[in-house]
Amino acid sequence: MASSALLLRTVFARRFAQSSLSLASHHQATQLHTSCFNKRPFHGWATAVHSPHKTSGFVCRNIASSVRGVRAASTQSMPTNEPAVSVDWLRANLREPDLKVLDASWYMPDEQRNPLQEYQVAHIPGALFFDIDGISDRTTNLPHMLPSEDAFAAAVSALGIENKDEVVVYDGKGIFSAARVWWMFRVFGHDRIWVLDGGLPRWRASGFDVESSASGDAILKASAASEAIEKVYQGQTVAPITFQTKFQPHLVWTLEQVRKNVEEKTHQHIDARSKPRFDGVASEPRKGIRSGHVPGSKCVPFPQILDGSQTLLSADELKKRFEHEGISLDSPVVTSCGTGVTACILALGLHRLGKTDVPVYDGSWTEWGAQSDTPVSTS
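Computed from a predicted model, the values in this text were never measured in an experiment.

Peer 1: Quick question: what am I supposed to make of the sheet that holds strand S5 (residues 128-129) here?
Peer 2: Each strand in a sheet pairs with another by means of backbone hydrogen bonds, the pair being arranged parallel or else antiparallel. Spatially, the 5 strands line up as an open sheet ordered S3-S7-S6-S4-S5, and their pairing is parallel. Lying at the two open borders of the sheet, with one neighbouring strand each, are strand S3 (84-85) and S5. Across 2 bridges, S3 lies against strand S7 (residues 193-196) in parallel orientation. Directly across from Ala 84, in S7, lies its bridge partner Val 195. Most of the contacts of helix H5 (residues 178-187) go to S7, to which it runs at about 175°, and overall it touches strand S4 (99-103), strand S6 (166-170) and S7.

Peer 1: How should I be thinking about the packing of helix H10 (residues 315-324) against helix H11 (residues 343-352) in this particular structure?
Peer 2: The packing of two helices is summarised by the inter-axis angle and the distance between the axes. Put simply, H10 and H11 touch, their axes get as near as 9 Å, and they point 120° apart. Regarding the angle of H10 to H11, the classification is oblique. Judged by the sense of rotation from one axis to the other, the crossing of H10 with H11 is left-handed. Here H10 contributes Ala 315, Leu 318 and Phe 322 to the contact with H11, which in turn contributes Leu 346, Gly 349, Leu 350 and Arg 352. Classifying every residue of the contact of H10 with H11 by side-chain character gives 5 nonpolar, 1 polar and 1 charged.

Peer 1: Explain unusual backbone geometry here, please?
Peer 2: Across the chain, the bulk of peptide bonds are trans and the bulk of non-glycine residues have phi less than zero. A cis amide bond links Ala 239 with the next residue in sequence, Pro 240, at an omega value of -5°. For Pro 240, the location among the structural elements is in the loop between helix H7 (216-233) and strand S8 (252-253). Residues other than glycine seldom take positive phi values, yet Gln 310 does so here, at roughly 60°. With respect to the helices and strands, Gln 310 occurs in the loop between strand S10 (298-299) and H10.

Parameters and conventions
Residues numbered from 1 in each chain as written. Predicted model: local features only at pLDDT ≥ 70, side-chain atom pairs only at ≥ 80, totals over all residues. Heavy atoms only, no water. Pairing = 2+ DSSP bridges. Helix = DSSP H or I, 4+ residues; strand = E, 2+ residues; numbered from the N terminus. Contact = heavy atoms within 4.5 Å. Axes fitted to C-alpha atoms, helices over the stretch in contact; angles between N-to-C directions. Parallel < 35°, antiparallel > 145°, perpendicular 65-115°, else oblique. Left-handed = near helix turned anticlockwise from the far one by under 90°. Nonpolar A, V, L, I, M, F, W, Y, C, P; charged D, E, K, R; others polar.

In structure tokens, the structure reads:
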């Protein structure tokens, strides 16, 4: 076991080193296309069905903050129904000891962008890298599914995050994969988390500083998080655990819950995928997945709730956008997408409108469309 742990640390460190070496030969770092951060292969779609999680305890507290002796707006003053913070707010609070910043960049395979390399090129000072594909369930072939409570607690603890911490998460597109990590923390009982509105692009456009290369501490923490996940799924004990979870089952739906909702229609089902994929006229990007949508669901492509600078629309604009698509904000909603990433953007927008209990179908279309016995509609 010790040798496998050493191997994990070596492999992860090598990934950082290889990324650094490859970056030296590129003048336009943001256009990197070499991938050393591939996901695990997916097999057996037809039988892949995800299962629920168990629970444990949770503690959380609020903090106040000031920067360089000047009083700044603190996370304590942020209402829990506001899911995003501005780049100006983050810059003013960046050095607060109980504020942790995560780079959760992730891209679709066909984009040929490497989030780990891009993190090394430029990230918000002090930010740690959160590996969406790595901090995931290792018992399923479905991509980046929600890990178990123990696995999430172990990985987040390895990153140095505690229950007392406030967390801001961002990504390299504006608002994309950061919403997934925002949802993950909330599923495990940590509400003191916000998405950086506009992400790294808006931060850089505002002229704020970025760091290049990863510190030794960042490498060790990212490596430790991957190692912790592996240990938990191998049945080993991981310590110390500084982050205690409290699973919120109402925020995550399984295939069986979606199947039941097709018949009972207790929730409005909103799909964040593009209209051609929803209508079934465009092929799915993953092999073996049928085209179409869950019967009775409605399509609100996630870009429709963002503006041109990839920031979340105002509450008034969001309300108009959802209502235009026939969504009643007075009735329950569940969201889905391709693999459970952009569905979280819809949940983020609905959270801004005060709907703080919107579940995400974690397996989403990759799970539903792979089954042989799930109904599929096309337009």
